Each structure stands twice: as structure tokens, then as C-alpha cells.
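# Topology and contacts: notes
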Amino acid sequence: MLPVLNNADSLAYFWPEMILTAGAMGVFLFDLAVAKSPRRILWLTVASLGVLAAAALATSHVAGLSPTPIGLFNGLLVLDPWAVFFKYLSWAVTALAILIAGPSLEVASERMGEYCALLLAVAVGMSLMASSTDMLMMVIGVELVSMVSYALAGFKKHDRKSSEAALKYVVYGGVASGMMLFGMSYLYGLLGTTNLVGTAARMNAQAAMLAQAGVAASVAGAGRVAMVVAVVLVLSGVGYKIASVPWHMWCPDVYEGAPTPFTAFLSVGPKAAGFALAVRILYGAMSVSGGADLATAVADVPWPQVVGVIAGLTMTVGNFAALNQTNLKRMLAYSSIAHAGYILMGVAAASETGSQSVALYLVVYLFMNLGAFLVVGIVGRLSGSESIFEYRGLSARAPFAAVAFAVFLFSLTGLPPLAGFVGKFHLFKALVDRGGSWQITLAIVGLLNSAVSLYYYARIVKAMFLDKPHTEERIAVPASYNLLLGALVGLVLVFGVYFDGLRQLAGSSVVLFGHS
Amino acid sequence: MLPVPLPHTLALAAVLFCLGMVGVMVRRNALVVFMCVELMLNAANLTFLAFAQAHGDTTGHVSAFFVIAVAAAEASVGLAIVIAVFRSRGTVNLEELKTMKH
């Protein structure tokens, strides 16, 4: 029997989220206290980072309380190494998104308080997504992240692009949550519970019961179709969060229209939480043992192959659409769709090493993708434009930013000896280790895609280093941005060579509640 | 009085869901699209409640309350954004939102 705590006892394990919730409200009030201060942005940044640091400390505290995975709130949430890993990742992304918002000119000082408080609320949502084992909690987590993200995407109120992005986001998001909830209502009806732990066993038991009861083949068939449709609908909700094909349409517009610091956040944070959820469903709940029986577990549909096809489509569509983009934010949006495809390869492997490679890649992706968006923010700060035209001759106008951008882009391509190579290598390895013919095919598709992606990444590098700038004016980069760029470049370089610790960390995190 | 049989309620919910889905794809007015999204969410509610009645279990009732709360929150955020869009360009027609080209 798995250990599950009741509501009162669970509170002792819920400190990080409680701190963040109180902190989000506290930052709103604190904003009033420092409203007249000339250093309002600095104060708010420090306060929000303090809240996040407290949440991180609380996370390490609650993780130490229970060495084995335990269920909280009567099984709505869990505390297992997988959840703890993604909690840390969420706090880190949120901290970086708050740090880079201050010096960017897209978040005005009188609105910085709202920005920080809303981001802290998203952090709570991401944590709930990563630790939910009940469909009800899953909805709450996804909706908390989505709804606050709608508001943040439209943060530049009088900007036409920003409000358009928010409207598109809210329409796509509403449809996705409608589909997900409808699927969940059917899963609840078929399985009799909203809890995800042991879904595979329940589904098999239900199929066996139908067979034993000798119901007519047509009724059993209808039940099977309903089950498949329900699972597909629930997975659409997850696919929308990670922006995989065919639920990726919102992604380019929202990324382009949203304020750059928030785009950077959106491309990493909610995506990571979505992958945490995808692994929890596909590897944790829907597989019988070690992921080996996933293929036959749910209504005889080969789910890993289904995810594999989606992975292949996602990376191909993302990469080919990115080829002729001239707006850097839009190009990076398509590139992030392609990366969702790569990471889905690890999910499609449906194995322990596959889940490990997903976790590993998301950490690496955090550094390189946030770094890339940081450079876009630096250039956009001066010119207000994200056109590739502005990047011509960037090596003369902002040498350090140009070099850093080149490092991030080559890392995103997956060239050694950068961290991106390590991440991609583990994804491919997890897939090839499964050894089936479709896995090998998918790996080859992934390799070809990486080659395609080199074209558009290298195009930016060429513009930065070989083309003549349209103006000689130097770009003034705030010291804090240079520091952050240096730190991110350092991490990308270091993890490209010394990745063993990171691999072990990711490996030890693949312990999912209720999955042996 | 006999309760409504499960298949009838499920069929009604499925019809509502499909109406909402088609509406989202066909209609271009943002407000009508939001109404269609609400239809989809309420179809989920109806299914939850029908199954809860069939199972004699309260989880479905609880889920329906959560869905109602989610729908309300989504409507409020969505309408706020519609107002922001209307202020910046004087229309809520989704066809005309083409500042960003593909």
C-alpha cells in the first residue's frame, strides 16, 4: 500500500507552495510600500527572489522529510524526487525571468510588482502540475499556469501585438482545456476515479471485466473507443502546454507578441512542467512495469509509437517553419517547438533512461534557451525590433552578447562540446537503447532535423559576425545582463564537458510515486 | 420518477461538446468563440455528473464544481483580454487579428 497522508498532515509537506502563494500576495502589498521609491524595480526584484529562495529552502526541507515518495492531500498531490526536481527547475526559471525583467524596458517600473507577483503564481501552478497524480489537480495546475500566462502575454496593454497574442492564447488555451476536461470526464466514467496512480492496471482490469462479463463485442468495442478518445483528449491538453504538433499554432504568435522576458520564461518553465506531466502520465500512470508494457497497457494502442510520430512531426514542422523566419523571436518560437519534438523522443522511449534524458535536457535547455532570449532582449532594448536586420554586425556593436548568442545557438543545434550536445546525445541514446525499428527511424529523423536546424541558427551567426552593421552605434548592455550572460555561457560550456553530476541528478530524480 | 438513463445524458453532452468545437472553428467573433468554449466545458460537467450519478460516487460532483470555477476564471481573464484588444483596435473579430504574419 502506498503511503498517502490526509489533508492536515500534508500541510507539513506543502511549505514551498504556501510560501509562494503568500509571497505572491505579499509582493503586491510590498509594491505599494515602495511605490514612491526611485529603486522600486530593484526592491521588487530582491523581494521576489527572496520569496523564491525561501521556497527553495522549504523544498529542500520537505524533500528531506520523506526519503520515499509519499502522497499528499489524500492522493491529489505527491512528493517524490520527480516532483522535487521540477520544483527546483520552476523556481530557477521564475527567478531568471524576474531577474531579466528589471533591466528590460518592456516591464515598466509601476507594473513590475504585478509582473513579479503573477510570475510567482505561475511558479505555484508549475509545481502543482509537476506533482499532481489526480486529474482534478492536473486541471488546477494547468489552468493556474495558463490563466496567469494569458494575462502576462498581454502585459503590454497598449501594444497591438501583445494584446493580440493574449487573445489568441486564451482562445487556444480555452479549447485545449475544454478538450482535456471532456477527456477526463470520460476517463472518470470508465475508471470510476480521477486518480492517475495505477491507471494501467485499472484499464486492464476493466477490459478483462468486460471480456469476462461476456458483453456483446460491439459494447466492448465502444468502451475501447471511448477509452482511446478520452486518453487522446487528455493528452491534447498536455500537448498544448508543451506546444507539440498539432497543438502548436498558438506558440509563434504568443512568443512574438509577449514581452521578451516573459517569452523566455514561457519557452522553458511551463514547457518543463508540461513534460513533467507527460512523463507522469505516459511513463508513470499508463505503463505497467518499467514502461515495458506500455504498448499493450491501454486499449491495445501502441502509445509510445503514437508519441514517437508526434515527436517526429513536431520537430520537422518546427524546424522547417523556422527556416525562413526573419523575426528572431518568431524563429526561436519555432525552434522551441522543434525542441519540444526532440524532448518528446525521450518520452516516446517510455523508459527510465528516457525520463532521465528528458529531465537532463530540460535543465540544459533552460540555460541555452533563456540565454538566447536574453540576447534578443538586449538587442530589442535598443532598437525595439527583433528583425534579423538588427543582428547584422552585432559582433562589432556588442561583442560579448554576439559571442554568447553564438554559443547558445550552437548549443541549441547540439554541437559538441556544448551542453546542448550532451542533452541531445542522451535523448537519442535513450531512444536507440530501446532498439526497435521505429525507435531507430525516429532517431534518424531527429538527426536529420538537427542538421536542418543548423541552417537557421548559423544564419544568425553569419549575420552577427560576417555582415556589415547598418549603424556603428554600440549597444549599451546593462552590467547585470552581461553578468547573467556570462553565467549562462559558463554553464553551457561547463555542462558540455562535466555533465556527469547533472546526469546523476537527473537519474536519481526518476522516482515516480506509484510506479515501480 | 425514473432517473434519466446514462446514455441519454452522455449523448447530450457529446452533442454539446461537438457544437462547441465546431463553433470555435467556424465563428470569428471572439465573444461567440468564448461562448463555444463554455459549451465545451459544460459538456465535460454534464459527463462528470452523469457518471457520478451512475457510479453513486461524489468525485464527479466535486469535479463539476472545479470545472465551474475554472470556467468562471477563464471567462473573466478572457473578457478582460477582449476588452484590451477592442480598445487597441476597435474590433473583436479574430479574422482581423493579423499583425503577426506566418
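See the structure above.
My aim in this report is to walk through the structure given alongside it, one point at a time. If you're wondering where the values come from, they're calculated on a predicted model, not measured in any experiment. (Residues numbered from 1 in each chain as written. Chains lettered and ligands numbered in written order. Predicted model: local features only at pLDDT ≥ 70, side-chain atom pairs only at ≥ 80, totals over all residues. Heavy atoms only, no water.)

Turning next to the overall build of chain B. A tally of helices and strands in chain B yields three helices and zero strands. Shown N-terminal to C-terminal, the secondary structure of chain B runs as helices and strands in the order α-α-α. Against the compact-globule benchmark of 13 Å for 102 residues, chain B has a radius of gyration of 17 Å, which places it well outside the compact range. Projected onto its principal axes, the C-alpha positions of chain B cover 55 × 25 × 25 Å. Residue burial in chain B is summarised as follows: out of 102 residues, 39% are buried. Of the roughly 5,600 Å² that chain B leaves accessible, carbon and sulfur atoms contribute 72%. Considering chain B, the positive charge centre built from 6 side chains and the negative charge centre built from 5 side chains are found 15 Å apart. (Helix = DSSP H or I, 4+ residues; strand = E, 2+ residues; numbered from the N terminus. Rg over C-alpha atoms; globule rule 2.2 N^0.38 Å. Buried < 20%, exposed > 50% of the residue type's maximum accessible area, 1.4 Å probe, protein only. Areas by Shrake-Rupley, 256 points an atom, 1.4 Å probe, with all protein chains shown as cover. Lys, Arg positive; Asp, Glu negative; His and termini not counted. Charge placed at Lys NZ, Arg CZ, Asp CG, Glu CD.)

Bringing the interface of chain B and chain A into the picture now. Quoted interface sizes are often the accessible area lost when the parts come together. Counting residues at the interface gives 44 residues for chain B, matched by 34 residues for chain A. In terms of surface lost to chain A, no three residues of chain B exceed Glu74(B), Ile81(B) and Met100(B), which account for 18% of the buried area on that side. Taken together, chain B and chain A are joined by one salt bridge. In this assembly, chain B and chain A are joined by six residue pairs in polar contact (both at pLDDT 80 or more). The element best represented in the side of chain B that touches chain A is helix α3 (residues 59-89) of chain B, accounting for 17 residues. Partitioning the side of chain B that touches chain A into residue classes produces 30 nonpolar, nine polar and five charged. (Contact = heavy atoms within 4.5 Å. Buried area = accessible area lost by both parts, 1.4 Å probe. Salt bridge = Lys/Arg side-chain N within 4 Å of Asp/Glu carboxyl O. Polar contact = N/O pair within 3.5 Å; in protein donor to acceptor, adjacent residues only side chain to side chain. Nonpolar A, V, L, I, M, F, W, Y, C, P; charged D, E, K, R; others polar.)

The next thing to look at is the packing of aromatic side chains. For the structure on display, the rule yields 19 aromatic pairs over all chains. Ring plane angle 75° and centroid distance 5.3 Å describe the contact between Phe85(A) and Phe86(A), whose orientation is recorded as edge-to-face. Of the residues examined, Phe85(A) reaches a relative accessible area of 8% and is grouped as buried. For the ring pair Tyr186(A) and Phe51(B), a centre distance of 5.7 Å and an interplane angle of 80° mean the geometry is edge-to-face. Of the two residues, Tyr186(A) is situated in helix α7 (residues 160-191) and Phe51(B) in helix α2 (residues 30-55); the pairing between them involves two chains. The same class applies to Tyr186(A) as to Phe51(B), namely buried. (Phe/Tyr/Trp six-rings, centres within 6.5 Å; stacked < 30°, edge-to-face > 60°.)

This part is about the pattern of salt bridges. Side-chain pairs of opposite charge can arise whenever the charged atoms involved come near each other. As enumerated under the stated definition, the model contains 18 salt bridges over all chains in all. Among the salt bridges present, the one from Glu106(A) reaches Lys156(A), with a minimum N-O distance of 3.2 Å. Linking Glu106(A) in the loop between α4 (81-101) and α5 (112-131) with Lys156(A) in the loop between α6 (135-153) and α7, this pair joins segments that are 50 residues apart in sequence. Given the relative accessible area of 23%, Glu106(A) is considered partly exposed. Across the salt bridge formed by Asp253(A) and Arg330(A), the nearest N and O atoms sit 3.0 Å from each other. Here Arg330(A) lies in helix α14 (residues 328-349) and Asp253(A) lies in helix α10 (residues 250-257), a separation of 77 residues in the sequence. Just as Asp253(A) is buried, Arg330(A) falls in that class too. Each of Lys161(A), Glu164(A), Lys168(A), Asp253(A), Glu256(A), Arg330(A) and Arg89(B) takes part in salt bridges that share partners, so that together they form one network.

So, about α6(A). Residues and elements named next belong to chain A. Compared with an ideal rise of 1.5 Å per residue, which puts 19 residues at 27 Å, α6 spans 26 Å between its outermost C-alpha atoms and is within 8% of the ideal. The buried fraction of α6 is high, at 16 of 19 residues. Sitting at the head of α6, Asp 134 places a side-chain oxygen 3.0 Å from the backbone nitrogen of Leu 136. (Expected span 1.5 Å × (residues − 1).)

Summarising burial for α10(A): eight of the eight residues are buried, a large majority. Here the buried face of α10(A) lies against α6, α7, α9 (217-242), α11 (260-285), α14 and α15 (352-383) of chain A.

Right, let's talk about the side chain of Asp134(A) for a bit. Residue and element names in this part refer to chain A. As for its position among the elements, Asp 134 is in the loop between α5 and α6. Asp 134 sits in the buried class, given a relative accessible area of 6%. If sequence neighbours within four positions are ignored, Asp 134 has contacts with Gly 75, Leu 76, Thr 194, Asn 195 and Leu 196.

This part takes up the environment of Gly50(A). Residue and element names in this part refer to chain A. Along the chain, the position of Gly 50 falls in helix α3 (residues 40-65). We classify Gly 50 as partly exposed; its relative accessible area is 36%. Through-space distance from the C-alpha of Gly 50 to that of Asn 6 is 30 Å; in sequence the pair is 44 residues apart.

Before going further, it helps to spend a moment on a nonpolar patch on the surface. Residue and element names in this part refer to chain A. Together, Val 432, Ile 440, Ile 444 and Leu 448 line one region of the surface with nonpolar side chains, adding up to about 340 Å² of accessible area. When residues of the nonpolar patch are assigned to their parent elements, the largest contribution, three residues, is made by helix α19 (residues 437-465). As for its position among the elements, Ile 440 is in helix α19. With a relative accessible area of 33%, Ile 440 lands in the partly exposed category. (Patch = residues over 30% accessible without salt bridge, like charges linked within 9 Å, V, L, I, M, F, W, Y side chains within 5 Å.)

Mapped onto the elements of the fold, Ser509(A) is located in helix α21 (residues 500-509). Setting aside residues no more than four positions away along its own chain, Ser509(A) makes contact with Pro81(A), Trp82(A) and Phe85(A).

Such coordinate-based values are descriptive only and should not be taken to indicate function.
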